[in-house]
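Descriptive analysis of the structure
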Amino acid sequence: MRNTVTPTHCPYCALQCGMNLTPAPDGTGVEVSERADFPVNRGALCGKGRTAPALLSSAVRLTSPLVRSAGDALVPASWEVALDRVAEGLGRTRAEYGADAVGVFGGGGLTNEKAYSLGKFARVVLGTSQIDYNGRFCMSSAAAAGTRAFGLDRGLPFPLEDVPRTGCVILVGSNPAETMPPSLRYFTELRENGGTLIVVDPRRTKTAEQADLHLAPRPGTDLALALGLLHLVVAEGHTDEEYVRERTVGWEETRACAMAHWPEYVERITGVSVPRLREAVRLFCAPESAMVLTARGPEQQAKGTDTVSAWINLALATGRPGSPLSGYGCLTGQGNGQGGREHGQKADQLPGYRTLTDPSARAHVAEVWGADPDTLPGPGRSAYELLDALGTDIRSLLLMGSNPVVSAPRAAHVEERIRSLDFLAVCDVVLSETAALADVVLPVTQWAEETGTTTSLEGRVLLRRLAVAPPEGIRSDLEVMHELAARLGGDRNLEKGFPTDPEEVFAELRRASAGGPADYSGITYRRLAEENGIFWPCPAGAHASPATGAEVRTGAASDTRARTAAATGANVGAGEAAHTGEAASGDLPGGPAPAGGSGTGVHPGTPRLFLDRFATEDGRARFVPVSYRAIAEEPDEEYPVLLTTGRVVAQYQSGAQTRRVDELNAAAPGPFVELHPRLAERLGAAEGDPVAVVSRRGRAVAPARITTAIRPDTVFMPFHWAGEGRANTLTNPALDPTSRMPEFKACAVRLEAVQPTPTALQAAATAAYSVPPSP
């Protein structure tokens, strides 16, 4: 075992970079080494991936259950005592106030097996509709826009390997140089191959510095920018009329909306000059192939769904989606942000990306679960709405893999709501700021200590493998749900429906997803290990369901797929050969083969969607007419500046884990306020001076970072830290009407100089990376 090398994947972002883990020479933990065979990162890792084993140390992670004592302190307890306390707290609330008084909040870092089990646990064991997860804050707007345009949401409908081979990429509101550094090579190679990169971002980020053209719109105006570009596409004769006629519907109304957004009007809204708008259209329309990729910038807005729809409209009008080396895609953020929303921990969905209100979907999943479909609760509140209801409608909460005290908008209010709960149970690896408020904290296994699947930003299902035994006394989330089901299920023996073996859970997930939009039924752990991941949909059979619009293997490539093969220089299906040792139709334990695959072949998976048709009833993509509207909270005399938020390379999400790694803290020790020199001069602030940023929701203080890389009307704060520098104290919870995404990316603030007293300086410097003390 000492020299065993375990191939697995990074626990952080949605690239899910491949890595090898080897037991450390001293017998504690593991060491990371390059895994060049995984095609996404080809061995490259960022600092977070390289230092991920630091979180396996007992010095920084939880090693015992904790319960709140009569003296209001968290103290170590046995598992039996802790689980009994959780069951008692949740059960008492359910008995006194009803099932919907119990809430469940999940995370985009949970494996597919955990996310699936959590959704099932909420609906079958607790009987509550009140379940959602922090992935709602990630790419829900892109998911909603993609679904209404294409009939299906998969972040990238093509592999990353297509990016360097296209002619132009418009990258909107993404900074992969810092958020997913190994992916930057794809954009570098794009330019080396003669393609062009257009970056849309209010800041001149490290990614924007690589661009051929950088457009810096005012935060919250991406919708106007996309409409202005579409106006120019039409006015300058770049519309792909044949494609629009043959593969889309809804163009006339969409074109009319775009034509109302003439370039000079868009310039006044966005601050992007007309010549730069025209240059962007020229670069995007000149090559035969091109892509539009969006991320949190346009999505984390109260009009995020419409904003993404506007960018999709631009791609459709120029004939890009479903064409070789072209299309629209979204760069997912969280490690399992894609898979996490496909299998039931989202408020309105069931496994397989089925809709909770669809009677046939309810019947299918209920049969797999051995439940009556009429007993499954309906849709519940979205993430922020669920958090806002804590302590009132929702009296108890079970939380797994999330830290909303730092990550939620209007975070001080969310923290107050969490403190008002009758009961809070948290499952986590570390004592996060949210876990520190819990009545019971359950220490659970993490990436290298367990086996499970995740789904990357490409829609590639991957197998993480157990490489090291967890410390004694640590249990998995699957074991927690098994034990709680036994305690809360009465005499119904519900624990039998919650196995602790992840492969057994995955087998059930496959049956539950079969025939759904995100069909995993043809995927097995064996195939994942042998094939380095498989793109969904992958039905249990040789043919994809026509409803998915996926590649369909019928013995010969279609014309569209043949064109793709010619464009990429690859054989159709290269790297996707069927394995001959596994049955496809009869390989679903505990149930019959799902519809859609009656042959004996094995479906290879679907790297590229929409090549022959879209996943709509008629196979055509939908233009969605949208018009510009302002952000929910425009600057005024009292709050004259715009705040936007984001990430830095050395920290991740709420920082609950990365702030415990010395090397990462040395690189990014705390929050800061990035502001333009002209704004700093008006404020009288010098580099490093503490600056207060004040919104209608609260106040944050952090050192000034003065740079010309940001607009003079905008300030930027990273959101990884708690304490006085918590950026999400300020952010606006205004919700998108479709996706229920909060408006993280734009709110009105004012700046105040802070007298640089030692106390203020210390608060700005130390609250940034401090973590709750262990009890």
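Residues numbered from 1 in each chain as written. Predicted model: local features only at pLDDT ≥ 70, side-chain atom pairs only at ≥ 80, totals over all residues. Heavy atoms only, no water.

1. Section: the overall build of the protein chain
Secondary structure assignment for the protein chain yields 25 helices and 30 strands. For the protein chain, buried positions account for 64% of its 775 residues. For the protein chain, contacts bridging at least 24 residues in sequence account for 75% of all contacts bridging at least 6. If you sum the accessible surface of the protein chain, you get close to 25,600 Å²; carbon and sulfur atoms cover 49% of it. (Helix = DSSP H or I, 4+ residues; strand = E, 2+ residues; numbered from the N terminus. Buried < 20%, exposed > 50% of the residue type's maximum accessible area, 1.4 Å probe, protein only. Contact = heavy atoms within 4.5 Å. Areas by Shrake-Rupley, 256 points an atom, 1.4 Å probe, with all protein chains shown as cover.)

2. Considering the sheet that holds strand β19 (residues 452-455)
If you trace the three strands from one edge of the open sheet to the other, you get β19-β20-β21, paired in antiparallel fashion. Each of the sheet's edge strands pairs with one partner strand only, and the pair in question is β19 and β21 (534-535). Pairing analysis gives four bridges linking β19 to strand β20 (residues 460-464), with the strands arranged antiparallel. Counterpart to Thr 454 in the pairing with β20 is Leu 462. (Pairing = 2+ DSSP bridges.)

3. Observations regarding the packing of helix α7 (residues 222-235) against helix α13 (residues 304-317)
Where α7 meets α13, the axes come as close as 8 Å, and the angle between the chain directions of the two elements is 20 degrees. Here α7 is positioned roughly parallel relative to α13, judged by the angle of their axes. For the pair α7 and α13, the crossing hand works out as left-handed. Contacts between α7 and α13 pair Asp 222, Leu 223, Leu 225, Ala 226, Leu 229, Leu 230 and Val 233 from the former with Asp 306, Thr 307, Ala 310, Trp 311, Asn 313, Leu 314 and Ala 317 from the latter. By residue class, the composition of the contact of α7 with α13 is ten nonpolar, two polar and two charged. (Axes fitted to C-alpha atoms, helices over the stretch in contact; angles between N-to-C directions. Parallel < 35°, antiparallel > 145°, perpendicular 65-115°, else oblique. Left-handed = near helix turned anticlockwise from the far one by under 90°. Nonpolar A, V, L, I, M, F, W, Y, C, P; charged D, E, K, R; others polar.)

4. Observations concerning the sheet that holds strand β12 (residues 291-294)
Strand order in the open sheet made by the five strands is β10-β9-β8-β12-β13, with parallel pairing throughout. Bordering the open sheet on either side are β10 (213-215) and β13 (327-330), each of which pairs with just one other strand. The average angle at which neighbouring strand axes cross in this sheet is 15 degrees, direction not considered. Pairing of strand β8 (residues 168-172) with strand β9 (residues 196-200) involves five bridges; the strand directions are parallel. Counted as the bridge partner of Val 172 is Val 200 from β9. Across the sheet, helix α11 (residues 274-285) is in contact with β8, β9, β10 and β12; its angle to β10 comes to roughly 130 degrees. Packing of α13 onto the sheet brings it into contact with β8, β9, β12 and β13, and relative to β12 it is tilted by some 170 degrees.

5. Here's the deal with the nonpolar core
Grouped together as the largest cluster of nonpolar side chains are 168 residues, with contacts concentrated most on Phe 121 and Trp 311. Among the elements that make up this core, the one with the highest residue count is α7 (nine residues). Dropping the residues within four chain positions of it, Phe 121 is found in contact with Leu 126, Leu 398, Met 481, Leu 484, Ala 485, Leu 488 and Phe 498. Leu 62, Tyr 384, Ile 418 and Phe 744 belong to the second largest nonpolar core, which has 28 residues in total. (Core = buried A, V, L, I, M, F, W, Y, C linked by side-chain atoms within 4.5 Å.)

6. Notes on α13
The end-to-end C-alpha distance of α13 is 20 Å, a good match for the 20 Å that 14 residues give at a rise of 1.5 Å each. For α13, a buried count of 14 out of 14 residues is recorded, marking the element as mostly surrounded by other parts of the structure. Phi for Gly 319, located one or two positions after α13, is positive at around 75 degrees. (Expected span 1.5 Å × (residues − 1).)

7. What about helix α20 (residues 502-513)?
Since the α-helix turns once every 3.6 residues, residues separated by three or four places project in the same direction. With twelve residues, α20 should reach 16 Å at 1.5 Å per residue; the first-to-last C-alpha distance of 16 Å fits that figure. Every buried residue belonging to α20 is among Pro 502, Val 505, Phe 506, Ala 507, Glu 508, Leu 509, Arg 510, Arg 511, Ala 512 and Ser 513, and all of these are buried. Packing partners of the buried residues in α20 comprise α3 (112-126), β15 (354-355), α15 (359-369), β19, α19 (477-488) and α21 (525-531). Following α20 by one or two positions, Gly 515 adopts a phi angle in the positive range, close to 85 degrees.

8. Examining the confidence of the model for the protein chain
Across the protein chain, the average pLDDT comes to 91, with 89% of residues at 70 or higher. Low confidence marks residues 543-599, where pLDDT is under 50. Its contacts with residues over four positions away, or in another chain, come to 107 contacts. Considering only residues more than four positions removed or in separate chains, one finds that residues 764-775, a stretch of pLDDT under 50, has 32 contacts. (pLDDT = per-residue confidence, 0-100.)

9. Things to note about the pairing of strand β27 (residues 714-718)
Among the five residues of β27, five are classified as buried, and the element is accordingly described as predominantly covered. What you see with β27 is no split at all: Thr 714, Phe 716 and Pro 718 on one side and Val 715 and Met 717 on the other are buried throughout. Across five bridges, strand β23 (residues 641-646) lies against β27 in parallel orientation. Among the inter-strand pairings, Thr 644 is bridged to a residue of β27, identified as Phe 716.

10. A word on the packing of aromatic side chains
Overall, the coordinates contain 13 aromatic pairs when judged by the stated rule. Plain terms: the ring middles of Phe 121 and Phe 498 are 5.9 Å apart, the flat faces sit at 80 degrees to each other, and that makes the pair edge-to-face. Remark: Phe 498 occurs in the loop between α19 and α20 and Phe 121 occurs in helix α3; sequence separation between them is 377 residues. Consider the rings of Trp 262 and Tyr 265, whose centres lie 5.1 Å apart with planes at 35 degrees: the pair is tilted. (Phe/Tyr/Trp six-rings, centres within 6.5 Å; stacked < 30°, edge-to-face > 60°.)

11. Quick look at the pattern of salt bridges
Inspection of the entire model under this criterion finds 44 salt bridges. For Glu 88, the salt bridge is made with Arg 92, and the minimal N-O distance between the two is 3.5 Å. Remark: Arg 92 and Glu 88 occur in helix α2 (residues 79-97); sequence separation between them is four residues, near one turn of the helix. By relative accessible area, Glu 88 is classed as partly exposed at 46%. Of the charged contacts, one joins Arg 711 and Asp 713 as a salt bridge, the two residues approaching to 2.9 Å between their closest N and O atoms. Each of Glu 80, Asp 84, Glu 483 and Arg 487 takes part in one network of salt bridges that share partners. (Salt bridge = Lys/Arg side-chain N within 4 Å of Asp/Glu carboxyl O.)

12. Focus on the environment of His 238
Turning to its location among the elements, His 238 is positioned in the loop between α7 and α8 (241-247). Spatially, the C-alpha atoms of His 238 and Ala 317 are 8.3 Å apart, while their sequence positions differ by 79 residues. Not counting residues within four places of it along the chain, the set of residues in contact with His 238 comprises Leu 232, Val 233, Val 281, Cys 285, Ala 317 and Thr 318.

13. Focus: the side chain of Arg 464
In this fold, Arg 464 is placed in strand β20. Glu 450 provides the closest opposite charge to the buried, salt-bridge-free Arg 464, at an N-O distance of 5.3 Å. For Arg 464, the side chain forms a polar contact with the side chain of Gln 16, separated by 3.1 Å. In this view, Arg 464 contacts Thr 8, His 9, Cys 10, Pro 11, Gln 16, Trp 447, Glu 450, Thr 451, Gly 452 and Thr 454; residues no more than four positions away in its chain are not counted. (Lys, Arg positive; Asp, Glu negative; His and termini not counted. Polar contact = N/O pair within 3.5 Å; in protein donor to acceptor, adjacent residues only side chain to side chain.)

14. Notes on the environment of Val 441
Structurally, Val 441 is set in strand β18 (residues 440-443). According to the relative accessible area criterion, Val 441 is buried, its value standing at 0%. When the C-alpha atoms of Val 441 and Arg 68 are compared, they prove to be 8.8 Å apart, with 373 residues separating the residues in sequence. Among residues more than four places away in sequence, those in contact with Val 441 are Leu 62, Pro 65, Leu 66, Leu 74, Val 426, Leu 431 and Ala 435.

15. What to know about unusual backbone geometry
In this chain, Trp 536 is followed by Pro 537 through a cis amide linkage whose omega measures 0 degrees. Within the secondary structure layout, Pro 537 lies in the loop between β21 and α22 (559-568). Its identity is not glycine, yet Gln 16 carries a phi of approximately 50 degrees, on the positive side. Position of Gln 16 relative to the elements: it lies in the loop between β1 (6-9) and β2 (18-23). What makes Gln 16 buried here is its relative accessible area of 0%. Phi is positive for Asn 493, close to 55 degrees, though the residue is something other than glycine. Relative to the helices and strands, Asn 493 resides in the loop between α19 and α20.

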